Amino acid sequence: IPSLDQYQLLENIQQQLFVIGSHLAAGNDHDFKLPEIQESFITALEEAIDSMNEKLPTLKHFVLPGGSKAVSYAHVCRTVTRRAERSVVALGLEEQTDDIILIYLNRLSDYFFVLARYIALHENVEEIKWIP
């Protein structure tokens, strides 16, 4: 089960996604001030990833989504984040986007993957290994 710090981080992620959404919605042609996308957003994700990874066994196989409802939800969040990242890449081909948005989304999807593994560990749920 995620700690209270993880719950606070999840709330911060929701806040940051609204900031990112405001930048994407406004585009490059606006005459109003938008909230800043800060490097500290990325740093917080990386610190959470590192903290959880210290407690996890070494990953030796690809992991399939599933094992419990909470693990599955974390994997759904990961895949939705990857889809958003691909959409921002496509948008970047048509108009200028801030690189920090892609960096944040990339790290966020990594965070959700590690969170899924971390939840599985704390729920004592065996990860489903993909064996080709």
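Residues numbered from 1 in each chain as written. Predicted model: local features only at pLDDT ≥ 70, side-chain atom pairs only at ≥ 80, totals over all residues. Heavy atoms only, no water.

Counted according to the given criterion, the structure contains five salt bridges. The residue Glu-46 makes a salt bridge to Arg-107 at a minimum N-O spacing of 3.5 Å. With Glu-46 in helix α2 (residues 39-53) and Arg-107 in helix α4 (residues 99-123), the pair connects residues that are 61 residues apart, well separated along the chain. Overall, Glu-46 belongs to the partly exposed group, its relative accessible area being 31%. One salt bridge in this structure joins Asp-110 and Arg-82, with 3.1 Å as the shortest N-O distance. (Salt bridge = Lys/Arg side-chain N within 4 Å of Asp/Glu carboxyl O. Helix = DSSP H or I, 4+ residues; strand = E, 2+ residues; numbered from the N terminus. Buried < 20%, exposed > 50% of the residue type's maximum accessible area, 1.4 Å probe, protein only.)

This paragraph deals with a nonpolar patch on the surface. On the surface, Phe-62, Leu-64, Ile-128 and Trp-130 cluster together into a nonpolar patch covering about 400 Å² of accessible area. Those elements that place two or more of their residues in the nonpolar patch are β1 (62-64) and β2 (128-130). (Patch = residues over 30% accessible without salt bridge, like charges linked within 9 Å, V, L, I, M, F, W, Y side chains within 5 Å. Areas by Shrake-Rupley, 256 points an atom, 1.4 Å probe, with all protein chains shown as cover.)

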